[in-house]
Amino acid sequence: MSERMPSVLLGVSGSIAAYKAVEVARLLGKAGVRVQVAMTRGGTEFVRPLTFAAITGREVLTDVFQVASPGGGAEIGHVERAHQVDLVLVAPASANVMARMVAGMADDPLTATILSTRAPVMIAPAMESGMWMHPATQDNLACLEERGVKVVGPVTGELASGRAGMGRMAEPDVIVRAALAILRPGDLTGLGITITAGPTWEPLDPVRILTNRSTGAMGIAIAQAAQRRGAQVRLILGPTHLTPPPGVDVRRVETAAEMLAAAQAVLPGTDVFVATAAVSDFRPQQARDQKLKRSAPEAQTLALAENPDVLATISSALRARGAARPATVVGFAAETEAVEDNARDKLVRKGCDLVIGNLVGPEAGFGAGQTRVLAVARDRPAVAFGPALKGDVAEFVLDQVLRVRDGSTPEERGA
Ligand code: CTP
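Bear in mind that the values here come from a model prediction, so they are computed numbers and not experimental data.

Points about the sheet that holds strand β8 (residues 192–197)
- Judged by pairing direction, the sheet is mixed, and its 8 strands sit side by side in the order β12-β11-β8-β13-β16-β17-β18-β19 without closing on themselves. Single-partner strands in this sheet number two, and they are β12 (249–252) and β19 (383–389). Shown here is a sheet whose adjacent strand axes are inclined to one another by a mean of 20 degrees, direction ignored.
- Lying over the sheet, helix α10 (residues 217–228) contacts β8, β11 (232–237), β13 (272–275) and β16 (328–335), oriented at roughly 165 degrees with respect to β11.

Points about the sheet that holds strand β4 (residues 121–125)
- Read across the open sheet, the 5 strands follow the order β2-β1-β3-β4-β5; overall the sheet is parallel. The sheet is open, and its two borders are formed by β2 (34–39) and β5 (150–151), each paired with just one other strand.
- Where strand β1 (residues 7–12) and β2 come together, 6 bridges link them in parallel fashion. Its bridge partner being in β2, leucine 9 is matched across the sheet by glutamine 36.

Quick look at the environment of alanine 181
- Residue placement: alanine 181 occurs in helix α9 (residues 172–183).
- Along the sequence, alanine 181 and lysine 30 sit 151 residues apart, while their C-alpha atoms lie 15 Å from each other.
- Ignoring any residue separated from it by four or fewer positions in sequence, one finds alanine 181 in contact with Arg228 and Glu395.

Examining the pattern of salt bridges
- The full count for this structure, using the stated rule, is 20 salt bridges.
- The closest approach of N and O atoms between arginine 325 and aspartate 353, which form a salt bridge, is 3.1 Å. Of this pair, arginine 325 sits in the loop between α12 (310–315) and β16 while aspartate 353 is found in the loop between α13 (339–349) and β17 (354–359), placing the two residues 28 residues apart along the sequence.
- Residue classification places aspartate 353 among the partly exposed residues on the basis of a relative accessible area of 21%.
- Salt bridges linked by common partners bring Arg177, Asp187, Arg228, Arg229, Glu395 and Asp399 together as one network.

Side note on the domain arrangement of the protein
- Along its sequence, the protein is organised into domain 1 (7–183) and domain 2 (192–287 + 300–406).
- Computed from C-alpha coordinates alone, the two centres of domain 1 and domain 2 are separated by 35 Å.
- Contact with domain 1, which involves 9 residues of that partner, is made by 11 residues of domain 2.
- Taken together, both faces of the contact between domain 1 and domain 2 bury some 890 Å²; the carbon and sulfur share is 57%.

Describing the nonpolar core
- Residues Leu10, Leu28, Phe52, Leu89, Ile175 and Ile193 are the most contacted members of the largest nonpolar core, which totals 70 residues.
- Sorting elements by how many residues they give to this core places helix α14 (residues 390–406) first, with 8 residues.
- Each of domain 1 (7–183) and domain 2 (192–287 + 300–406) gives at least three residues to this core.
- Residues contacting phenylalanine 52, with those up to four places away along its chain left out, are Val12, Ala18, Ala21, Val22, Ala25, Val37, Met39, Val47, Gly57 and Val60.
- The next biggest cluster of nonpolar side chains, apart from the first, holds 24 residues, and it includes Val253, Val310, Ala317 and Val376.

Considerations on unusual backbone geometry
- Of note, the bond from glycine 153 into proline 154 is cis; its omega dihedral lies within 30 degrees of zero at 0 degrees.
- For proline 154, the position within the fold is in the loop between β5 and β6 (155–158).
- The omega torsion across glycine 386 and proline 387 is 5 degrees, close enough to zero to call that bond cis.
- Its location among the elements puts proline 387 in strand β19.
- At alanine 338, a position not held by glycine, the phi torsion is positive, near 40 degrees.
- Position of alanine 338 among the secondary structure elements: in the loop between β16 and α13.
- The partly exposed category is assigned to alanine 338, whose relative accessible area is 44%.
- A positive phi is found at aspartate 379, a non-glycine position, where the angle reads about 55 degrees.

What counts as what
- Residues numbered from 1 in each chain as written.
- Predicted model: local features only at pLDDT ≥ 70, side-chain atom pairs only at ≥ 80, totals over all residues.
- Heavy atoms only, no water.
- Pairing = 2+ DSSP bridges.
- Helix = DSSP H or I, 4+ residues; strand = E, 2+ residues; numbered from the N terminus.
- Axes fitted to C-alpha atoms, helices over the stretch in contact; angles between N-to-C directions.
- Contact = heavy atoms within 4.5 Å.
- Salt bridge = Lys/Arg side-chain N within 4 Å of Asp/Glu carboxyl O.
- Buried < 20%, exposed > 50% of the residue type's maximum accessible area, 1.4 Å probe, protein only.
- Domains from an automatic or database assignment.
- Buried area = accessible area lost by both parts, 1.4 Å probe.
- Core = buried A, V, L, I, M, F, W, Y, C linked by side-chain atoms within 4.5 Å.

Right under this line is the structure:
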């Protein structure tokens, strides 16, 4: 990260979610980011520019021919501004502004800057479900993504109409975290991170296994985010149909015993150990060489043996095979109730430095792929995050890893 303050152009377009952009601007400022707001005409219908000017301390751009002097200094127009920003963040991004970005319009300060900039562009779409699902919007989305525009959200939730559906803007803290991840790509450089992910397969005989429904998506998302942020990533992956991120060192395993052995083998290079795997707690006592016959007396009752706890074993590894315990050990706790209490219990019981608890089951009530998590560490208040998509949760988890490693988040450090 360069020494100078990172600079974000926050574009506010016409959506009821524009009021939440005020919080986005405030959180970015708190994280040490210089924020210049540009509003489309639609945006100004929902929130007055004065609100943003008061929050950011800078005049808001509303006219493409306007030359403003952000934070003093020489007055600049959109071309110069386009070279100075480190990120253009459009939050909320209405269906209309997405369409205008696709078309390459430049008739307001936001779209004019987007057309001129070489900085990354990120959008946080917000609109009614019907508009979001419309083929025109979906085509525009695909086009923008293909051009490299990053997209955060939207999520399922209550919409302006009062109905629930897809199209609600991601929460401000989720958007800010995603923006900071772009602004600070290398904050994990030099760290060795090992992640377990996916289910395990515990064989009963050559054709049958004991397993669970885990896909490994969370661990894969963390691996991807950690690699982008500069870490040396090893992913110990149980059987899954998902493709691991390119460039990550992947070790494929099937059983809990193999997962533990693979984790122990890489201990010397592991500073941070993250256990997301849904390890089967038990395995069939006997893995038979031949297929168990229906008529066999043992077919009626399955004798089980306890599997090793990969997480607890790694966190208690003192000098196992000459390698010290990783400095930071992170566990996950999927709970159906009392998330914080259960996560704190797991923190102590499994000797972790951080436990990420999440509510699962029908109670969770979020749309597909969205989760709400709670980070629990010793002697600190719990930190809640979400509902958010797994990729955003991954960034949050890595921020919390940094927080427990050196006692503060990048935001708190204002890095
Ligand atoms: N874990 C592991 N090896 C196991 C079991 C769990 O590494 N054999 C790790 C998971 O990857 C996750 C955490 O431990 O990080 C989750 O623990 P979990 O199995 O859900 O909790 P339990 O210890 O089984 O407690 P309980 O069933 O009481 O919730």
